[in-house]
Amino acid sequence: MSIFVREMACQELVELVTAYFDGSLSRADRRRFRAHLRGCPHCTAYVEQMRLVIEATGRLTEEDIPPEARDELLDAFRDWSEGRSTE
Amino acid sequence: MIVARLRDGDEAAFAELLDRYGSTMLRVAQMYVKDRASAEEVVQETWLAVLNGIDRFEGRSSLKTWLFRILTNRAKTRGERDGRMLPFSALAGTEAESGEPAVDPERFLGPDSATPGAWAAPPRAWPEDRVLARETVGVIESAIDMLPDTQREVIRLRDVEGWTPMEVADALEISDGNQRVLLHRARSKVRAVLEEYLDPETAGVTR
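Residues numbered from 1 in each chain as written. Chains lettered and ligands numbered in written order. Predicted model: local features only at pLDDT ≥ 70, side-chain atom pairs only at ≥ 80, totals over all residues.

(A) Local environment of the overall build of chain B. Regarding its fold elements, chain B presents 11 helices and zero strands. For chain B, the α and β elements follow one another from N to C terminus as α-α-α-α-α-α-α-α-α-α-α. In terms of its C-alpha atoms, chain B occupies a principal-axis envelope of roughly 65 × 40 × 30 Å. Within chain B, the fraction of its 207 residues that count as buried is 36%. Of all intrachain contacts in chain B linking residues separated by at least 6 positions in sequence, the fraction that spans at least 24 positions is 67%. (Helix = DSSP H or I, 4+ residues; strand = E, 2+ residues; numbered from the N terminus. Buried ≥ 20, exposed ≤ 12 C-beta atoms within 10 Å, placed from the backbone. Contact = placed C-beta atoms within 7 Å.)

(B) Structural view of the domain arrangement of chain B. Residue and element names in this part refer to chain B. Looking at chain B, the domain boundaries give domain 1 (2–81) and domain 2 (88–203). Taking the mean C-alpha position of each, domain 1 and domain 2 sit 29 Å from one another. Between domain 1 and domain 2, the residue contacts involve 10 residues of the former and eight residues of the latter. Only α2 (11–30) and α4 (63–81) provide two or more residues apiece to the side of domain 1 that touches domain 2. The greatest single-element share of the side of domain 1 that touches domain 2, amounting to five residues, is contributed by α4. (Domains from an automatic or database assignment.)

(C) Fine view of the interface of chain B and chain A. Residue-level contacts link 45 residues of chain B with 40 residues of chain A. If one sorts the elements of the side of chain B that touches chain A by residue count, α2(B) sits on top with eight residues. Tallied by class, the residues present in the side of chain B that touches chain A amount to 27 nonpolar, seven polar and 11 charged. (Nonpolar A, V, L, I, M, F, W, Y, C, P; charged D, E, K, R; others polar.)

Structure follows, in structure tokens:
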């Protein structure tokens, strides 16, 4: 083990995946993260799973606003807009 | 630009915003106040505040950021007034501090091994087409529904609705670090549920 770079264990790497994706790891940690991935097919598989989780989650559809709430807000908008043009 | 259209009283522009942010606003408000009716009131008040302030909106932040900042402020005030016990940011803080591992520690080698912290029961590659199949997306949806409120909200905003880390931290009034911890917990749990579904043999190794 070098005195400059402490090796990253698999168990440590799995805690840093989101920070890695967000680009919020320190430069040193990012380097250790990548160095570990290069030598570890298991963690490479893990990171790929996390990437797929994100991609699949992105396919969920956003909920729609309930129609009654939508209608009420549109009414409020009309009132606002009429009040404004008669000002 | 949508702000100019709102100023002109363009109803279609307003409807567009409602469809884009309406349900998210309700959900976020709901995290601060005691019931659905209060959340709806907060959302209505927020829109009125936005419309009445639209002439003063200078576009230094995005309309979305401004909208959710007003929403959060109002929801928080309302929640405090109604005596709701813990605001979202406090919940998020305590939850982010609790040390919950992303992966079951049993799946790693212990301190007495030659390589502590290395995989003992490593994950196996998943077939991409199965992960992205409609059925699997349904599994993800129920996994997200099972998450604690704070984690569920953060993963929805970040991964379903595609918000940036800063937009999430801003709207929920939590730190950038906390939103990331909550997101990481949420994604890690969803991954674990998916592994049970796609590769039960590997997921069940430790049990």
